[in-house]
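Okay, here's what each chain looks like letter by letter:
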Amino acid sequence: MVPLAVHWYGTNGAAAAAAARDADPSSQFAPVGWLRGQTTVPDTAITEIEGKPTVFVMERDLHLLVATPVVLGRHAGAEREVLSGVSRGQFVVADALSTQRALASR
(Lines give C-alpha, C1' and ligand atoms only; values in the text may rest on other atoms or scores of the structure.)
Protein backbone atom coordinates (compact mmCIF):
# COMPACT_ATOMS: atom_id res chain seq x y z
CA MET A 1 0.00 0.00 0.00
CA VAL A 2 1.34 3.42 -0.94
CA PRO A 3 0.95 5.92 1.94
CA LEU A 4 -1.83 8.45 1.38
CA ALA A 5 -0.71 12.04 1.93
CA VAL A 6 -3.33 14.68 2.65
CA HIS A 7 -2.89 18.44 3.03
CA TRP A 8 -4.66 19.18 6.28
CA TYR A 9 -5.50 22.83 5.73
CA GLY A 10 -8.90 21.92 4.26
CA THR A 11 -10.30 20.03 7.25
CA ASN A 12 -9.37 22.17 10.24
CA GLY A 13 -7.35 24.94 8.62
CA ALA A 14 -5.89 27.33 11.16
CA ALA A 15 -5.90 24.94 14.11
CA ALA A 16 -4.10 22.17 12.22
CA ALA A 17 -1.60 24.56 10.67
CA ALA A 18 -0.85 26.07 14.07
CA ALA A 19 -0.40 22.60 15.54
CA ALA A 20 2.09 21.78 12.82
CA ARG A 21 4.18 24.87 13.57
CA ASP A 22 4.18 24.55 17.34
CA ALA A 23 6.58 22.35 19.24
CA ASP A 24 3.66 21.19 21.38
CA PRO A 25 0.85 20.13 19.00
CA SER A 26 -2.79 20.59 19.98
CA SER A 27 -4.83 17.81 21.49
CA GLN A 28 -5.92 16.61 18.05
CA PHE A 29 -2.46 15.04 17.76
CA ALA A 30 -0.87 12.49 20.08
CA PRO A 31 2.83 11.74 20.41
CA VAL A 32 4.03 8.27 19.54
CA GLY A 33 4.68 6.89 23.02
CA TRP A 34 7.13 4.65 24.76
CA LEU A 35 5.80 2.27 27.39
CA ARG A 36 7.88 -0.46 29.03
CA GLY A 37 10.38 -0.35 26.19
CA GLN A 38 7.76 -0.54 23.44
CA THR A 39 6.57 2.01 20.88
CA THR A 40 2.87 2.80 21.42
CA VAL A 41 0.01 4.87 20.01
CA PRO A 42 -3.47 5.48 21.45
CA ASP A 43 -6.09 2.91 20.38
CA THR A 44 -8.11 5.81 18.93
CA ALA A 45 -5.23 6.69 16.58
CA ILE A 46 -5.61 3.39 14.72
CA THR A 47 -8.00 2.88 11.83
CA GLU A 48 -8.15 0.39 8.98
CA ILE A 49 -7.47 1.28 5.36
CA GLU A 50 -7.57 -1.41 2.67
CA GLY A 51 -7.70 -4.01 5.44
CA LYS A 52 -4.49 -2.84 7.11
CA PRO A 53 -4.10 -1.12 10.49
CA THR A 54 -3.13 2.48 9.75
CA VAL A 55 -2.35 5.71 11.61
CA PHE A 56 -2.25 9.27 10.25
CA VAL A 57 1.24 10.64 10.89
CA MET A 58 1.72 14.40 11.01
CA GLU A 59 4.51 15.65 8.74
CA ARG A 60 4.93 19.19 10.10
CA ASP A 61 7.39 20.54 7.57
CA LEU A 62 5.23 19.51 4.64
CA HIS A 63 1.86 20.31 6.28
CA LEU A 64 0.66 16.81 5.50
CA LEU A 65 -1.06 13.94 7.21
CA VAL A 66 0.31 10.67 5.89
CA ALA A 67 -1.74 7.48 6.20
CA THR A 68 0.90 5.05 7.38
CA PRO A 69 0.38 1.28 7.71
CA VAL A 70 1.55 -0.16 11.04
CA VAL A 71 2.22 -3.61 12.45
CA LEU A 72 0.48 -3.91 15.81
CA GLY A 73 1.43 -5.82 18.92
CA ARG A 74 -0.24 -6.12 22.32
CA HIS A 75 -2.69 -3.81 24.05
CA ALA A 76 -1.38 -1.80 27.00
CA GLY A 77 -4.46 -0.16 28.54
CA ALA A 78 -5.70 2.54 26.15
CA GLU A 79 -2.47 2.25 24.13
CA ARG A 80 -1.46 -0.22 21.46
CA GLU A 81 2.06 -1.49 20.90
CA VAL A 82 3.40 -0.72 17.41
CA LEU A 83 6.04 -3.13 16.10
CA SER A 84 6.76 -1.12 12.94
CA GLY A 85 5.52 1.86 10.94
CA VAL A 86 6.05 4.75 13.38
CA SER A 87 8.72 5.78 15.84
CA ARG A 88 9.19 7.97 18.88
CA GLY A 89 9.26 11.67 18.10
CA GLN A 90 6.45 11.45 15.57
CA PHE A 91 2.89 12.66 16.15
CA VAL A 92 -0.27 10.87 15.02
CA VAL A 93 -3.86 12.04 14.71
CA ALA A 94 -5.49 11.15 18.03
CA ASP A 95 -8.88 10.27 16.45
CA ALA A 96 -8.13 8.45 13.22
CA LEU A 97 -11.70 7.34 12.55
CA SER A 98 -12.99 10.93 12.49
CA THR A 99 -10.16 11.92 10.15
CA GLN A 100 -10.92 9.02 7.84
CA ARG A 101 -14.62 9.95 7.76
CA ALA A 102 -13.79 13.60 7.01
CA LEU A 103 -11.54 12.54 4.12
CA ALA A 104 -14.20 10.20 2.74
CA SER A 105 -16.76 13.01 2.67
CA ARG A 106 -14.54 15.26 0.52
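Residues numbered from 1 in each chain as written. Predicted model: local features only at pLDDT ≥ 70, side-chain atom pairs only at ≥ 80, totals over all residues. Heavy atoms only, no water.

Enquirer: Where do I start with the side chain of T39 in this structure?
Expert: Here T39 lies in strand β4 (residues 38–42). Beyond its immediate chain neighbours, meaning those up to four positions away, T39 contacts V32, G33, W34, R80, E81, V82, V86 and S87. (Helix = DSSP H or I, 4+ residues; strand = E, 2+ residues; numbered from the N terminus. Contact = heavy atoms within 4.5 Å.)

Enquirer: I would appreciate a short explanation of the pairing of strand β6 (residues 52–59) in the present structure.
Expert: Sheet faces and side chains relate simply in a regular strand, where the side chains alternate between the two faces. Pairing of strand β5 (residues 47–49) with β6 involves three bridges; the strand directions are antiparallel. Each bridged residue has a counterpart across the sheet, and for E48 the counterpart in β6 is P53. Where β5 folds back onto β6 in an antiparallel hairpin, the turn is made up of two residues, including E50, whose phi is positive at roughly 55°. Pairing analysis gives six bridges linking β6 to strand β7 (residues 64–69), with the strands arranged antiparallel. Bridge pairing in β7 places V57 opposite V66. (Pairing = 2+ DSSP bridges.)

Enquirer: Mind showing me how you'd approach the nonpolar core here?
Expert: Within soluble globular proteins, side chains that are nonpolar generally end up buried alongside one another. With 12 residues, the main nonpolar core is built from A30, V32, V41, A45, I46, V55, V57, V70, V82, V86, V92 and A94. Not counting residues within four places of it along the chain, the set of residues in contact with A45 comprises T54, V55, F56, V92, V93, A94 and A96. The next biggest cluster of nonpolar side chains, apart from the first, holds nine residues, and it includes M58, A67, F91 and A96. (Core = buried A, V, L, I, M, F, W, Y, C linked by side-chain atoms within 4.5 Å. Buried < 20%, exposed > 50% of the residue type's maximum accessible area, 1.4 Å probe, protein only.)

Enquirer: What's the story with the sheet that holds strand β3 (residues 33–35) in this structure? I'm lost.
Expert: For sheets, the rule is that strands pair by backbone hydrogen bonds, running either parallel or antiparallel. Ordered by their spatial adjacency, four strands build an open sheet running β3-β4-β9-β8, and the pairing between neighbours is antiparallel. If you trace the sheet from one side to the other, it starts and ends with β3 and β8 (71–76), each paired once. Strand-to-strand twist of the sheet, defined as the mean angle between neighbouring strand axes without regard to direction, takes the value 45°. (Axes fitted to C-alpha atoms, helices over the stretch in contact; angles between N-to-C directions.)

Enquirer: Would you mind going over the environment of P69 with me for this structure?
Expert: Note on placement: P69 falls in strand β7. Sequence separation between P69 and V55 is 14 residues; the distance between their C-alpha atoms is 6.5 Å.

Enquirer: Just to check I follow, could you spell out the pairing of strand β9 (residues 79–84) for this structure?
Expert: Relative to β9, β4 runs antiparallel, the two sharing three bridges. Across the sheet, the residue bridging to P42 is E79, located in β9. With four bridges joining them, β8 and β9 adopt antiparallel strand pairing. For H75, the partnering residue across the bridge sits in β9 and is R80.

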